[in-house]
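Descriptive structure summary
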Amino acid sequence: MKVTTFATALLLASASAAASAEQRIATFDLGSLDTLDALGASEHVVGVPKASLPSYLEQYAADAYTDIGGLRSPDMGALADANPTLIVQTGRQAEWAEELGDIAPLFDASVSGEAYLAAVERNVRELASQLAVESEAEEALTTLNSEIERQREALQDAPTTLVVTHNGGNLMLNQHPVVHQVLGITALEMPESVTPEVRGERTFTPLSADAIAEIDPDAVLVIDRSAAIGDEPADADQLRATLAEAGAAPRVVMLTPALWYLSGGGLQSLALQVKEVASALAD
């Protein structure tokens, strides 16, 4: 007996729903975790890097979820025991990609590059398609993009802004895409005295207090890597004093460390970052 096109579609939809219901996701990417949470798909999460969870995802420290190790030190045994059907990774786990791929298929959720917002949207849609929650994803993206547009408009006359990363008492330039791409805040020109340094395959641009005074921003947003990984955090008052000695008096705002250094790129984290920048630069 010939099966009608409509019946075939129903069978395929049923098979897709069954496959989605069976998805077991282990994610090293915290942005993807907050996307899954926002889409109401937490029941599909089986493993997370518990030591790195930001406060807004602290519910995933519960015993119901397997601790799969650190962002740069995956626990392969625990990961295999969690029996995932999909592992979400980023560049932080690149050197273990082959081993991870032996456990389950991989999805690379890295969002670095020129088109940051497009990469975030791609990841949201890909995760949604894995779980047959595409309509929820589109609704969430519409809400997120509306808020981004509202804040971009509000920030058209934002103070000149410099983003820096603090690490072990040192400051480095951070051309963060949420600030400069998503929110459209102009990145400041670096003076000739500021020169990048190549360390291995990475390039860093150190910034001294004198260099910041020469750049002369109205606001300095600080992403504290040290605080995010449990090392000695930056002292905001001391930083202000040091800048003042160099002849600079910008507004210094300490951004939420784990949100900006460990997380990001998800439905919740991007919304939180947009809100934090807007608040930091508000008159």
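A short tour of the structure in this document, coming up. Only a predicted model underlies this, so the values are computations on that prediction, with no experimental measurement involved.

Moving on, we come to the side chain of Asp224. Mapping Asp224 onto the fold places it in strand β12 (residues 219-224). No salt bridge is formed by the buried Asp224; its nearest oppositely charged neighbour, Arg225, is found at 8.3 Å. Polar contacts involving the side chain of Asp224 include one to the side chain of His166, which spans 2.7 Å. Among the polar contacts made by the side chain of Asp224, one reaches the main-chain amide nitrogen of Ser226 at a distance of 3.2 Å.

To continue, consider the sheet that holds strand β3 (residues 66-67). Judged by pairing direction, the sheet is parallel, and its five strands sit side by side in the order β3-β2-β1-β6-β7 without closing on themselves. A strand with exactly one partner marks an edge of an open sheet, and here the two such strands are β3 and β7 (106-108). As paired strands, strand β2 (residues 45-48) and β3 are joined by two bridges and run parallel to one another. Within β3, the residue paired with Gly47 across the bridge is Thr66. Along the sheet, helix α5 (residues 116-131) makes contact with β1 (25-27), β6 (86-89) and β7, crossing β7 at roughly 155 degrees.

A word on the pairing of β2. Where β1 and β2 come together, two bridges link them in parallel fashion. Bridge assignment links Ala26 to a residue of β2, and that residue is Gly47. Note that the unit made of β1, helix α2 (residues 30-38) and β2 has a crossover that is right-handed.

With that settled, consider helix α6 (residues 134-154). For α6, built from 21 residues, the straight-helix expectation of 30 Å at 1.5 Å per residue is met to within 8% by its first-to-last C-alpha distance of 30 Å. Those residues of α6 that sit buried are Ala137, Leu141, Leu144, Ile148 and Gln151. Viewed along the axis of α6, the buried residues span an arc of 95 degrees, placing them on a single side of the element. Facing away from the buried side of α6, by more than 90 degrees, are the exposed residues Ser135, Glu139, Thr142, Thr143, Arg150, Glu153 and Ala154. On its buried face, α6 is in contact with α5, α7 (177-182) and α12 (267-280).

Turning to the packing of α2 against α5, a few remarks are in order. Relative orientation of the contacting elements α2 and α5 amounts to 55 degrees, with a least axis distance of 10 Å. The angle between α2 and α5 falls in the class oblique. Our pair here, α2 against α5, has a crossing hand that is right-handed. Residues Ser32, Thr35 and Leu36 of α2 pack against Val124, Leu127 and Leu131 of α5.

By the criterion of burial, α2 is predominantly enclosed, with seven of the nine residues buried. Among the residues of α2, those classed as buried are Leu30, Gly31, Ser32, Leu33, Asp34, Thr35 and Leu36. Contacts from the buried residues of α2 go to β1, β2, β6, α5 and α12. Gly40 sits one or two positions beyond α2 and adopts a positive phi of about 70 degrees.

Along the polypeptide, Ala78 turns up in helix α3 (residues 76-81). When its relative accessible area of 15% is taken as the criterion, Ala78 is described as buried. The sequence separation of Ala78 and Ile68 amounts to ten residues, and the corresponding C-alpha distance is 5.6 Å. Not counting the four nearest positions on each side in its chain, Ala78 is found in contact with Thr66 and Asp67.

Side chains that differ in sign of charge can pair as their charged atoms come close. If you walk through the whole model with that rule in mind, you get five salt bridges. In this structure, the salt-bridge partner of Glu121 is Arg125, at a minimum N-O distance of 3.9 Å. Residue Glu121 and its partner Arg125 are located together in helix α5, separated by four residues, close to a single helical turn. Taking the relative accessible area as the measure of exposure, Arg125 reaches 37% and is therefore partly exposed. Residue Asp237 is joined to Arg240 by a salt bridge in which the shortest nitrogen-to-oxygen separation is 3.1 Å. With Asp237 and Arg240 both in helix α10 (residues 236-245) and three residues apart, this pair spans about one turn of that helix. Residue class for Asp237 comes out exposed when judged on its relative accessible area of 57%. Using a relative accessible area of 34% as the deciding quantity, one classes Arg240 as partly exposed. Each member of the salt-bridge network shares a partner with another, and the members are Glu121, Arg125 and Glu138.

Calculation rules
- Residues numbered from 1 in each chain as written.
- Predicted model: local features only at pLDDT ≥ 70, side-chain atom pairs only at ≥ 80, totals over all residues.
- Heavy atoms only, no water.
- Helix = DSSP H or I, 4+ residues; strand = E, 2+ residues; numbered from the N terminus.
- Buried < 20%, exposed > 50% of the residue type's maximum accessible area, 1.4 Å probe, protein only.
- Lys, Arg positive; Asp, Glu negative; His and termini not counted.
- Salt bridge = Lys/Arg side-chain N within 4 Å of Asp/Glu carboxyl O.
- Polar contact = N/O pair within 3.5 Å; in protein donor to acceptor, adjacent residues only side chain to side chain.
- Pairing = 2+ DSSP bridges.
- Contact = heavy atoms within 4.5 Å.
- Axes fitted to C-alpha atoms, helices over the stretch in contact; angles between N-to-C directions.
- Right-handed = clockwise from strand over helix to strand, strands pointing away.
- Expected span 1.5 Å × (residues − 1).
- Arc of directions from axis to C-beta.
- Parallel < 35°, antiparallel > 145°, perpendicular 65-115°, else oblique.
- Left-handed = near helix turned anticlockwise from the far one by under 90°.

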